[in-house]
Amino acid sequence: MTASARLAELGIALPEVVAPVAAYLPAVQTGNLVFTAGQLPMVEGKLPLAGKVGGEVSADDAKKLARQCALNALAAVDALVGIDSVVRVVKVVGFVASAPGFGGQPAVVNGASELFGEVFGEAGRHARSAVGVSELPLDAPVEVEAIFEVG
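Keep in mind that what you see is a predicted model, and the values were worked out from it rather than measured. (Residues numbered from 1 in each chain as written. Predicted model: local features only at pLDDT ≥ 70, side-chain atom pairs only at ≥ 80, totals over all residues. Heavy atoms only, no water.)

## Section: the nonpolar core
Next up, step 1: One finds Leu74, Val108, Phe116, Phe120, Val142 and Phe148 to be the most contacted residues of the largest nonpolar core, which totals 34 residues.
Next up, step 2: Where this core is concerned, the elements lending two or more residues are α1 (3-10), α2 (59-81), β3 (86-97), α3 (105-120) and β5 (142-150).
Next up, step 3: The element contributing the most residues to this core is α2, with nine residues.
Next up, step 4: The residues touching Val108, leaving out its near neighbours within four places in the chain, are Val53, Ala59, Ala62, Lys63, Ala66, Val96, Phe102 and Val142.
Next up, step 5: Counting residues in each nonpolar core, the second largest holds five residues, with Leu40, Met42, Leu136 and Ala140 among its members. (Core = buried A, V, L, I, M, F, W, Y, C linked by side-chain atoms within 4.5 Å. Buried < 20%, exposed > 50% of the residue type's maximum accessible area, 1.4 Å probe, protein only. Helix = DSSP H or I, 4+ residues; strand = E, 2+ residues; numbered from the N terminus. Contact = heavy atoms within 4.5 Å.)

This is how it looks when you write it as structure tokens:
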């Protein structure tokens with residue numbers, strides 16, 4: 001099953017590509033790899049929640065935001081090379097703006113990882129880093145970047 005067919009089966013429509021907030025491209029291809037820029041959980045041009053995870057933002061809400069980041073990454077890939085050209089998800093890096101003492105970054109970034117698994121099946125399994133940080137752009141709680149193999 002193609003990725004676009006799987007998205008349709010899941011009832012997921014890819015959002016518009018998020019406009020860069022600085023001097024970069026949403027995604028770049030080199031050889032058979034596509035690297036996405038860090039994707040914030042923007043929805044229709046707006047950040048739905050702001051603040052630190054484990055503080056103003058719950059871990060459950062942050063996991064949903066990480067899923068949105070992953071959708072935004074898929075939109076960037078689709079605009080560049082077409083979602084059906086993805087062969088596998090290679091690497092995911094998730095940044096979680098963390099309140100002092102919050103250590104649940106892996107569970108938050110699972111929001112992105114689980115979406116990639118739903119869409120790509122076994123090819124959605126990937127290497128990953130989940131990193132706690134003090135601040136993210138626009139006071140976003142989560143940011144996700146990914147590397148995809150395309151063919």
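## Examining the pairing of strand β2 (residues 33-36)
Walk down a regular strand and you will see the side chains alternate between the two sheet faces.
Next up, step 1: The alternating pattern of β2 places Val34 and Thr36 on a buried face, while none of Leu33 and Phe35, on the opposite face, is buried.
Next up, step 2: Alignment of strand β1 (residues 27-30) against β2, held across four bridges, turns out to be antiparallel. For Val28, the partnering residue across the bridge sits in β2 and is Phe35.
Next up, step 3: The antiparallel pairing of β1 with β2 creates a hairpin that spans two residues between the two strands, and Gly31 there sits at a positive phi of about 60 degrees. (Pairing = 2+ DSSP bridges.)

## A look at the pattern of salt bridges
Once their charged atoms are close, side chains differing in charge can pair, the charge on each being opposite to the other.
Next up, step 1: What the rule picks out here adds up to six salt bridges.
Next up, step 2: A salt bridge links Glu9 to Arg6, with the nearest nitrogen and oxygen atoms 2.2 Å apart. Of this pair, Glu9 and Arg6 both sit in helix α1, separated by three residues, roughly a single helical turn.
Next up, step 3: Its salt-bridge partner being Arg67, residue Glu118 comes within 3.1 Å of it at the nearest N-O pair. You can see Glu118 sitting in helix α3 and its partner Arg67 sitting in helix α2, a full 51 residues away along the chain.
Next up, step 4: Residue classification places Glu118 among the partly exposed positions, given a relative accessible area of 29%.
Next up, step 5: We classify Arg67 as partly exposed; its relative accessible area is 27%.
Next up, step 6: A single salt-bridge network, built from bridges that share partners, covers Lys52, Glu135 and Asp139. (Salt bridge = Lys/Arg side-chain N within 4 Å of Asp/Glu carboxyl O.)

## A few points about α2
Next up, step 1: For α2, built from 23 residues, the straight-helix expectation of 33 Å at 1.5 Å per residue is met to within 8% by its first-to-last C-alpha distance of 33 Å.
Next up, step 2: Gly82 occupies a position one or two residues after α2 and carries a positive phi of about 90 degrees. (Expected span 1.5 Å × (residues − 1).)

## Quick notes on the packing of α2 against α3
Next up, step 1: Orientation of α2 relative to α3, taken along the N-to-C sense of each, is 45 degrees, at an axis distance of 7 Å. Regarding the angle of α2 to α3, the classification is oblique. α3 is crossed by α2, and the crossing has right-handed handedness. Between α2, through Ala59, Ala62, Lys63, Ala66, Arg67, Ala70, Leu71 and Leu74, and α3, the contact on the second element is made entirely by Ala107, Val108, Val109, Asn110, Gly111, Ala112, Glu114, Leu115, Phe116, Glu118, Val119 and Phe120.
Next up, step 2: Taken together, the residues that form the contact of α2 with α3 break down as 14 nonpolar, two polar and four charged. (Axes fitted to C-alpha atoms, helices over the stretch in contact; angles between N-to-C directions. Parallel < 35°, antiparallel > 145°, perpendicular 65-115°, else oblique. Left-handed = near helix turned anticlockwise from the far one by under 90°. Nonpolar A, V, L, I, M, F, W, Y, C, P; charged D, E, K, R; others polar.)

## Quick word on unusual backbone geometry
Next up, step 1: One non-glycine residue, Glu44, lies in positive phi territory at about 50 degrees.
Next up, step 2: With respect to the helices and strands, Glu44 occurs in the loop between β2 and α2.
Next up, step 3: The phi torsion at Asp139 lies on the positive side, around 65 degrees, for a residue other than glycine.
Next up, step 4: Residue position: Asp139 is located in the loop between β4 (127-133) and β5.
Next up, step 5: By relative accessible area, which is 32% here, Asp139 ends up partly exposed.

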